[in-house]
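Structural overview
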Amino acid sequence: MTLPLRVPCAYQGGKQRVAKQIVDVLLSSKYNDDTVFYDLCCGSGAISIELVNRGIMPSRIVMVDLSSWASFWTAIGNGTFDMDEFQRLLAEIPADKHKVKEHMTQLASLLVLDHEAEVYPILQACSFGGKQIWYDGSQWVNAFFRDYWEPTATSIRRSPANPMQPSPRELERRVHALVAGMRGVSCFRADVMAMMSHSIPSNAVVYMDPPYRGTTGYAFDFDVLQFVNTFRTNSDAPLFVSEGRPLNPDATQLTFGGAKGGISGNKISKHQEWLSRF
């Protein structure tokens with residue numbers, strides 16, 4: 001049995017926990033064999049991956065992002081991801097989990113050269129709190145990494161928290177599967193507002209996952225409603241927008257399963273997620 005494709009690593013704001021619900025809605029839109037699915041602010045690719053898992057051909061998916069995720073997905077889509085270099089970088093990660101944070105700090109200080117796509121998912125897998133790390137053209141920004149955490153006598157969580165999530169071996173497995181399964185997607189490194197200069201056909205299905213309003217830790221931000229208004233003047237395609245609040249009356253609240261979370265288990269409430277249709 002072939003395992004479903006998975007996002008490379010955890011990512012603050014990533015939609016892997018609600019991707020199935022979102023794709024249920026996207027696929028309930030009227031579409032045919034010519035429909036192109038647009039995944040704007042695609043990040044770690046949870047929605048595009050779920051579309052492929054549901055049988056949508058990668059060639060019918062257009063991904064757009066302004067961060068280092070765009071370098072990763074561009075390389076995956078056009079077949080230029082250097083798996084040998086990726087495996088070499090993974091092999092250099094210390095087996096001693098107490099040393100992983102220092103190793104990642106050193107890796108983030110090196111010149112990227114031509115391997116942003118290969119270095120990025122490794123750094124992001126170790127990001128403190130899953131917050132976004134990005135390359136600004138000369139250096140990695142927001143590159144803060146997790147320590148190996150072990151429970152104390154009063155901790156609610158009883159198992160250690162690894163500095164890299166997933167493990168190097170699991171990250172290699174996931175990326176290897178994506179190299180094969182996502183080949184053919186198109187990805188553009190661009191501000192989504194720039195997409196307004198492109199013609200989006202009326203039978204397209206468009207999904208956007210902008211940074212949550214009022215949150216920090218993201219490299220890029222923009223006015224969601226301004227985008228929506230501009231989009232609607234240029235295209236009749238259905239547009240679905242994720243946010244931590246409803247953006248219009250035609251919004252559906254998504255359901256998160258599991259505990260409230262956090263290492264301590266003491267988060268006040270679960271995160272809210274809404275999908276608004278325009």
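The structure under discussion appears in the preceding block.
Residues numbered from 1 in each chain as written. Predicted model: local features only at pLDDT ≥ 70, side-chain atom pairs only at ≥ 80, totals over all residues. Heavy atoms only, no water.

Notes on the pattern of salt bridges
Spelled out, the test is: A pairing counts as a salt bridge when a side-chain nitrogen of Lys or Arg comes within 4 Å of a carboxyl oxygen of Asp or Glu. Here a helix means four or more residues in a row that DSSP labels H or I, a strand means two or more in a row labelled E, and each is numbered from the N terminus. Burial classes follow relative accessibility: with a 1.4 Å probe on protein chains only, a residue under 20% of its type's maximum area counts as buried, one over 50% as exposed, and anything between as partly exposed.
Scanning all chains against the criterion turns up twelve salt bridges. Across the salt bridge formed by aspartate 209 and lysine 15, the nearest N and O atoms sit 2.9 Å from each other. Highlighted residues: aspartate 209 in the loop between strand E6 (205-208) and helix H8 (224-234) and lysine 15 in the segment before helix H1 (19-28), separated in sequence by 194 residues. In this structure, aspartate 209 and lysine 15 share a single accessibility class: buried. Of the charged contacts in the structure, one is a salt bridge between lysine 20 and glutamate 50, with a shortest N-O distance of 4.0 Å. Placement of lysine 20 in helix H1 and of glutamate 50 in helix H2 (residues 46-53) is noted, with a sequence separation of 30 residues between them. Look at glutamate 50 and you get buried, because its relative accessible area is 8%. Ionic contacts of the salt-bridge type, sharing partners, join the residues Arg6, Glu170, Arg173 and Arg174 into one network.

Observations regarding the packing of aromatic side chains
Each aromatic ring pair is characterised by the separation of its centres together with the angle its planes make. Definition in use: Pairing of aromatic rings covers Phe, Tyr and Trp, the last counted by its six-membered ring, and requires centre-to-centre distances within 6.5 Å; plane angles under 30 degrees mean stacked, over 60 mean edge-to-face, and any other angle means tilted.
As enumerated under the stated definition, the model contains ten aromatic pairs in all. On the numbers, 5.7 Å between centres and 85° between planes, the contact of tyrosine 11 with tryptophan 69 is edge-to-face. Within this pair, whereas tyrosine 11 is found in the segment before H1, its partner tryptophan 69 is found in helix H3 (residues 69-78), the two being separated by 58 residues in sequence. Seen in terms of ring centroids, phenylalanine 72 and tryptophan 73 are 4.9 Å apart; in terms of plane orientation they differ by 80°. Their pairing is edge-to-face. Among the aromatic residues, those joined into a ring-pair cluster are Tyr11, Trp69, Phe72, Trp73, Phe81, Phe86, Tyr120, Tyr135 and Trp140.

A closer look at the packing of H3 against helix H7 (residues 168-181)
Formally: All axes here are fitted lines through C-alpha atoms, helices being fitted over the stretch that makes contact, and every angle between N-to-C directions spans 0 to 180 degrees. We call two directions roughly parallel when the angle between them is under 35 degrees, roughly antiparallel when it is over 145, roughly perpendicular when it lies between 65 and 115, and oblique otherwise. A contact between two residues is defined here by any heavy atoms of the two lying within 4.5 Å. Polar here means any residue outside two lists: the nonpolar Ala, Val, Leu, Ile, Met, Phe, Trp, Tyr, Cys and Pro, and the charged Asp, Glu, Lys and Arg; Gly therefore counts as polar.
Two elements in contact, H3 and H7, have axes whose closest approach is 7 Å; the angle formed by their N-to-C orientations is 55°. On the basis of the axis angle, H3 is oblique to H7. Along its contact with H3, which presents Phe72, Trp73 and Ile76, the element H7 presents Val175, Leu178 and Val179. Tallied by class, residues from the contact of H3 with H7 come to six nonpolar, no polar and no charged.

Overview of the environment of valine 100
Positionally, valine 100 belongs in helix H5 (residues 100-109). Separated by 76 residues in the primary sequence, valine 100 and aspartate 24 place their C-alpha atoms 39 Å from one another. Contacts of valine 100, omitting those with residues within four sequence positions, involve Ile93, Pro94, Cys126 and Pro163.

A look at H3
Where burial is concerned, most of H3 is hidden: eight out of the ten residues are buried. Residues of H3 that are buried include every one of Trp69, Ala70, Ser71, Phe72, Trp73, Ala75, Ile76 and Gly77, and no others. Buried residues along H3 sit in contact with H2, strand E2 (61-65), helix H6 (116-125), H7 and strand E5 (186-189). Residue glycine 79 follows H3 closely and has a positive phi angle near 80°.

A short note on the sheet that holds E6
Heads up, the condition is: Two strands form a pair only when DSSP identifies at least two bridges running between them.
One open sheet holds the seven strands; their spatial order is E5-E2-E1-E6-E7-E9-E8, and the pairing between them is mixed. At either margin of the open sheet sits one strand with a lone partner, and together these are E5 and strand E8 (251-253). Mean inter-strand twist for the sheet, computed between neighbouring axes without regard to direction, equals 15°. Looking at chain direction, strand E1 (residues 37-40) and E6 are connected through four bridges and run parallel. Looking at the pairing, tyrosine 38 lines up with valine 206 of E6.

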